[in-house]
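Architecture and fold: a report
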Amino acid sequence: MVKLVVQKFGKIPEEQATEITTTIEECYERLMPHEVEILDLLLFENSSAMKSFYSRERAALGVVSEDFGEKFFASHDAWRGTSRISVCLERIGELPRLVQVGTLRHEVGHSVLHGSMEYYIFSIPQPLTEASERFGLSEKFSFNLLYLISIAVKDFEVTRLLSGKWYVEDQVAYSKYMLSTSEDDLAAWRIAEGNPADMALCLAGRLKDAACVIGLGLVEPSITEWIRDELSYLPDQMVKDFLTVVKEFQRRMGGDTFQNVNVAVEIFLRGLLEPLFSKERPLREKAR
């Protein structure tokens with residue numbers, strides 16, 4: 001049995017806390033065997049409390065990647081050496097019940113597969129360094145791109161683990177929710193459009209959003225149709241390139257997390273970053 005060390009920030013109804021811990025404990029049981037012995041479970045009353053906490057943590061621990069407006073309803077990290085799952089009751093309560101359950105199980109999956117600090121510290125691969133030098137991109141850009149791609153890889157691995165343990169219905173619901181295009185996605189694209197570096201980060205963010213869907217292992221054409229629909233605001237050729245990257249990503253994720261991250265970076269550079277910097281592409285051609 002995994003020991004849950006619960007910390008509460010604000011007013012946390014006991015019934016909600018019990019529902020969350022019960023879901024987490026059941027998931028750990030199904031995912032056996034694993035090496036998780038203890039989990040820090042942080043429950044936040046609202047999103048402002050959770051954002052403030054992680055802002056302080058980033059500053060204290062020197063976390064250099066940006067949060068890219070991540071959806072603050074639940075997260076996993078091992079920044080202090082032990083798996084930690086944080087849940088925002090205000091935000092998670094807004095989600096459909098099946099998505100709530102899928103979210104909690106997703107974070108448990110991260111603690112099983114990525115429960116140590118090494119999974120949050122990645123060195124910039126040589127191909128990314130070379131591409132950044134070739135296109136005049138900053139080190140900050142490289143770190144942010146690597147961060148987004150590493151999340152995509154880890155989310156893919158978690159979904160593959162959970163769906164393999166017969167968590168399917170909730171993971172489909174969670175994955176489709178994560179893939180759904182938000183107003184923030186559209187606004188970010190409008191701002192980035194015409195700037196290849198910013199566009200690359202937007203596409204890496206969408207790869208992160210699509211990673212769980214990719215990891216479901218569903219029979220095509222479901223995945224392709226879902227992704228195409230959610231990316232309909234992008235130029236036609238860019239959507240085609242993205243889908244090509246998705247298919248190669250799914251096919252080649254067979255190593256450990258570190259090997260997978262390096263492979264994913266190489267796929268992204270060749271399939272999306274380099275075409276963005278090609279002068280031959282009409283970047284502002286809109287999808288029909």
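See the structure printed just above.
We now turn to the structure provided with this report. (Residues numbered from 1 in each chain as written. Predicted model: local features only at pLDDT ≥ 70, side-chain atom pairs only at ≥ 80, totals over all residues. Heavy atoms only, no water.)

**Notes on the sheet that holds strand S1 (residues 3–9)**
In space, the four strands of this open sheet follow the order S1-S2-S4-S3, with mixed pairing throughout. Among the strands making up the open sheet, the edge pair consists of S1 and strand S3 (74–77). On average, each strand axis in the sheet is inclined to that of its neighbour by 20°, with strand direction left out of account. Relative to strand S4 (residues 84–88), strand S2 (residues 38–44) is paired through five bridges, and the arrangement is parallel. Residue pairing in the sheet places Leu41 in a bridge with Ile85 of S4. Packed on one face of the sheet, helix H2 (residues 47–61) meets S1, S2, S3 and S4 and runs near 145° to S4. (Pairing = 2+ DSSP bridges. Helix = DSSP H or I, 4+ residues; strand = E, 2+ residues; numbered from the N terminus. Axes fitted to C-alpha atoms, helices over the stretch in contact; angles between N-to-C directions. Contact = heavy atoms within 4.5 Å.)

**Description of the pattern of salt bridges**
Side chains that differ in charge, positive against negative, can pair when their charged atoms come close. Under the defined criterion, the tally for this structure stands at 17 salt bridges. A salt bridge links Glu57 to Arg84; the nearest nitrogen and oxygen atoms lie 2.9 Å apart. Separated by 27 residues along the polypeptide, Glu57 in helix H2 and Arg84 in strand S4 bring together distant segments of the chain. Summarising the burial analysis for this pair, Glu57 and Arg84 share the class buried. Connected through shared salt-bridge partners, Glu26, Arg30, Arg105 and Asp170 make up one network. (Salt bridge = Lys/Arg side-chain N within 4 Å of Asp/Glu carboxyl O. Buried < 20%, exposed > 50% of the residue type's maximum accessible area, 1.4 Å probe, protein only.)

**Focus: helix H8 (residues 183–192)**
Within the sequence span of H8, burial applies to Asp185, Trp189 and Ala192. Here the buried residues of H8 occupy an arc of 70° about the axis, which is enough to place them on one side. Looking at H8, the residues exposed on the side facing more than 90 degrees away from the buried face are Glu183, Asp184, Arg190 and Ile191. Considering only its buried residues, H8 is in contact with helix H9 (196–215) and helix H11 (236–252). (Arc of directions from axis to C-beta.)

**A look at the packing of H11 against helix H12 (residues 257–276)**
Where H11 meets H12, the closest approach of the two axes is 10 Å, and the angle between their N-to-C directions is 165°. By the criterion of interaxial angle, the relationship of H11 to H12 is roughly antiparallel. The way H11 lies across H12 gives a crossing that is right-handed. Between H11 and H12, the contacting residues are Met238, Asp241, Phe242, Val245, Glu248, Phe249 and Arg252 on the first element and Asn260, Val263, Ala264, Glu266, Ile267, Arg270, Gly271, Leu272, Pro275 and Leu276 on the second. Each residue belonging to the contact of H11 with H12 can be placed in one class, and the counts come to ten nonpolar, two polar and five charged. (Parallel < 35°, antiparallel > 145°, perpendicular 65-115°, else oblique. Left-handed = near helix turned anticlockwise from the far one by under 90°. Nonpolar A, V, L, I, M, F, W, Y, C, P; charged D, E, K, R; others polar.)

**Digging into the side chain of His34**
Here His34 is to be found in the loop between helix H1 (14–30) and S2. Residue classification places His34 among the buried positions, given a relative accessible area of 16%. Within the structure, the side chain of His34 is placed 3.1 Å from the backbone oxygen of Tyr28, a separation counted as a polar contact. A polar side-chain atom of His34 sits 3.2 Å from the main-chain amide nitrogen of Val36. Excluding residues that lie within four positions of it along the chain, His34 makes contacts with Val2, Tyr28 and Val112. (Polar contact = N/O pair within 3.5 Å; in protein donor to acceptor, adjacent residues only side chain to side chain.)

**Comments concerning the nonpolar core**
If you look at soluble globular proteins, the nonpolar side chains tend to sit buried side by side. In this structure, Leu145, Leu203, Ile227, Phe242, Phe249 and Phe268 are the most contacted members of the largest nonpolar core, which totals 55 residues. Mapped by element, the contributors of at least two residues to this core are helix H5 (126–135), helix H6 (139–164), helix H7 (169–179), H8, H9, helix H10 (222–230), H11 and H12. Not counting the four nearest positions on each side in its chain, Leu203 is found in contact with Trp189, Leu234, Met238, Phe242, Phe268, Leu272 and Leu276. Residues Ile12, Ala17, Leu104 and Leu162 belong to the second largest nonpolar core, which totals 30 residues. (Core = buried A, V, L, I, M, F, W, Y, C linked by side-chain atoms within 4.5 Å.)

**Considerations on the packing of aromatic side chains**
Applying the stated criterion across every chain yields a total of ten aromatic pairs. Here the aromatic rings of Tyr54 and Trp79 are separated by 5.6 Å at their centres, their planes lie at 80°, and the arrangement is edge-to-face. Here Tyr54, found in helix H2, pairs with Trp79, found in the loop between S3 and S4; they are 25 residues apart in sequence, far enough to count as distant. Neither Tyr54 nor Trp79 differs from the other in exposure class; each is buried. On the basis of an interplanar angle of 15° and a centroid distance of 4.4 Å, the ring pair of Phe135 and Phe277 is categorised as stacked. Residue Phe135 is located in helix H5, and its partner Phe277 is located in the segment after H12; the two are separated by 142 residues in the primary sequence. Of the residues examined, Phe135 reaches a relative accessible area of 24% and is grouped as partly exposed. The structure contains a cluster of three or more aromatic residues connected by ring pairs, namely Phe9, Phe44, Phe53, Tyr54 and Trp79. Positioned above the aromatic ring of Tyr120 is the side chain of Lys154, whose terminal nitrogen or guanidinium carbon lies 3.9 Å from the ring centre. (Phe/Tyr/Trp six-rings, centres within 6.5 Å; stacked < 30°, edge-to-face > 60°. Lys NZ or Arg CZ within 6 Å of the ring centre and 35° of its normal.)

On their own, these measurements won't tell you what the molecule is for.
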